[in-house]
Structures are given as C-alpha cells and as structure tokens.
Amino acid sequence: MHWAKSPADVELVLDDLKYVANIIAPHIETAALLYRLIAPESQLERFAAVTIDSTEQERKRIANDIHDGVGQLLHSTHYRLDAAMYASDMPESQTEIEAAKQLVIAAIAETKNTIHRLRPGVLDDLGLIAALNSLASSIRTPTVDVNLPEDYSVTMASTVETAIYRIVQEALSNIQRHASAQFASLAVHVNADADELIVAISDDGIGFDPDNITRGIGLDGMRERAELVGATLDVTSRRGHGARIVLRVPLGR
Ligand SMILES: Nc1ncnc2c1ncn2[C@@H]1O[C@H](COP(=O)(O)OP(=O)(O)O)[C@@H](O)[C@H]1O
Ligand SMILES: [Mg+2]
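Presented here is an overview of the structure given in this document. What you see is a predicted model; the values in this text were computed from it and never measured.

1. With respect to the nonpolar core
Part 1 of the reasoning: Ranked by internal contacts, the top residues of the largest apolar core, which has 44 residues, are Ile164 and Leu197.
Part 2 of the reasoning: Those elements that place two or more of their residues in this core are helix 4 (121–126), helix 5 (128–137), helix 6 (158–179), strand 2 (184–191), strand 3 (196–203), helix 7 (218–228), strand 4 (232–237) and strand 5 (243–250).
Part 3 of the reasoning: Of the residues forming this core, the biggest block, 10 residues, is contributed by helix 6.
Part 4 of the reasoning: Discounting chain neighbours no more than four positions away, the residues touching Leu197 are Leu128, Tyr152, Met156, Ile164, Val188, His189, Val190, Leu247, Arg248, Val249 and Leu251.
Part 5 of the reasoning: Counting residues in each nonpolar core, the second largest holds 12 residues, with Leu74, Ile97, Val104 and Ile108 among its members.

Next comes the structure, spelled out in structure tokens:
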C-alpha cells in the first residue's frame, strides 16, 4: 500500500485500490473451476460453503483494511489541503490545492464504492430481506419497484444469503448500466409447496441476446454463484423486450 502523505500520492492510492479490487475477482473463478474438476460428489456442498465463506471473509478483511487505512489517510489529506488553502495567498497554489482536493474527494468516493462492492455488511446487520431492500433503493435510474415478503422467517446458510445478495447486486447493476429501462422490479417470494425461495429481477429496457454476449463476467459470475449453492438461474431476454432473471434457491426444509 502507498501512503497518502501529500496530494501527489493520491493517484497512487487510487491505483492501489484498483489493484486490490482486481485481486478478488479471480478467486471466485478459480474456486468454481476447482469445484467442477476435483471435488467428489459427496464433498461438493461442503466445498462450496467453505469456498464462499473464505472468499467473503477475505473480502471483508480487505474492505476493513481499505476503510481503516487508505480511507482514513484520504480524509486526513483532505483536512490538510483545506488548511493549506487557508494558509496560502498565492492564486496559483490555491488553484493547485483545489485541484488536489477534488482528486482526494474522487479518491474517497472510489474508496467507498470499493468497500461497498467488497463487503455486504448490511447482510450481517439487517438480514437478507432488508439488505435486498437497501440494494434496490440504492438504484436511482430507474427506480426499482420492490415486492418483498413481510413475514419472512426463512433461515438459510449465510453463504446462500451472500450468493443471493451478490446475484441481485449484479443484476441491478446491469440494469443501471446497460438496460436504459423506465421500470425495474425486484421480487422475492417463498414457494412453500416447492420449498424454494424465488428471486426475480426484471426490467423493461433494451434487452439483449443471452446466448450471444461478447463481454463481461457478470452474468457468468451470477450463474457460478447460483451453481455453488445448488440454486438455478434463468436469464430471459430479447432485444427490445427487457430482461428477466429468476433465481430459484432450494430451501431443503
Ligand atoms: N438488464 C440488461 N439489459 C440490457 N443488457 C444487459 C442487461 N444485463 C446484461 N446486459 C448485456 O449483457 C452484457 C454482459 O453482462 P455482464 O456479464 O454483467 O457484463 P458487464 O456488465 O461487465 O458488461 C452486458 O454488457 C450487456 O450488453
Ligand atoms: Mg455486469
């Protein structure tokens, strides 16, 4: 890690953050690959739980490190720049200091985003349904209509809850980034007869051809996560006709 002692270090800090985020992604892919290649049938469930747990633990640790380390240093840098601004009466230095402050502000925002992506702390604090609600309300365009059970009393492994949370996060982020939708919805429903939890995310945007996607690991990652916890994921979309993602999680009650 670089230490932001002066405004000039801020870009290095940003590079560090990107570096850290890039470290995480391959772990999930490797785990999924190992799962298919080497795990005997009887150990699959345990392996999946351990893999997801250790990945999430690692993510949390990194998120906390960023928050307590780089995050705090950036805040201190910001205060120092304010002080420098008052201390200086040269217009040129003030312009430079202001530019440096804007960089620090951008770096703080970037830090927050990275922490949020790394750690679904809200899951631990509030539980699955409130966490999904908070995810949906973090999306501004389009607003996401939520339909969540009010009397939700299902208990499931935290690894499964994490998988659900991450899948919904990616689906909503895709809607925000790609769909140009007017309308989006998130619905969670417990089907007692089939003993499964159903999570559906829909939008009325531009749609896409699920069999012909050229870039991105988001949809693949969603599928891998679903597989790892024994759930199924259906992606239905057509150009011009929005998209719908349905996740079915067996509850085994
Ligand atoms: N809700 C959506 N509406 C329109 N297009 C979508 C939607 N979700 C995914 N896509 C398309 O599928 C592609 C792959 O998505 P993804 O695997 O998440 O990768 P990324 O988001 O990194 O591009 C996107 O680039 C986009 O073209
Ligand atoms: Mg994506």
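2. Some remarks on the pairing of strand 1 (residues 144–147)
Part 1 of the reasoning: With 4 bridges connecting them, strand 1 and strand 2 associate as parallel partners. Among the inter-strand pairings, Val144 is bridged to a residue of strand 2, identified as Ala184.

3. A few points about the coordination of the magnesium ion (ligand 2)
Part 1 of the reasoning: Around the magnesium ion (ligand 2), the donor atoms from the protein are Glu170 (OE) and Asn174 (OD1), and they sit 2.0 to 2.1 Å away. Within this pair, Glu170 and its partner Asn174 are both found in helix 6, separated by 4 residues, close to a single helical turn.
Part 2 of the reasoning: Residue Glu170 is classed as partly exposed on the basis of its relative accessible area of 22%.

Reading the values: the criteria
Here, residues in each chain are numbered from 1, in the same order as that chain's written sequence. Here chains are named by letter from A upward and ligands by number from 1 upward, in the order in which they appear as written. Owing to the predicted nature of the model, reporting of local features is limited to residues with pLDDT of at least 70; listing and counting of side-chain atom pairs is limited to 80 or more, with chain, interface and lining totals taken over all residues. No hydrogens and no water enter the side-chain calculation; it runs on all heavy atoms of the structure. Residues enter a nonpolar core if they are buried and are Ala, Val, Leu, Ile, Met, Phe, Trp, Tyr or Cys, with the set joined through side-chain atoms within 4.5 Å. Relative accessibility under 20% of the residue-type maximum defines a buried residue, over 50% an exposed one, and the middle range a partly exposed one, all with a 1.4 Å probe and only protein chains included. Secondary structure elements are taken from DSSP: a helix is a run of H or I of four residues or more, a strand is a run of E of two residues or more, and numbering for both begins at the N terminus. Here, residues are in contact when the closest pair of their heavy atoms is within 4.5 Å. In this description, strands pair whenever DSSP reports at least two bridges between them. Donor atoms are limited to N, O and S found within 2.8 Å of the metal ion, a distance that becomes 3.2 Å for Na, K and Ca. With water left out, some sites might look partial.

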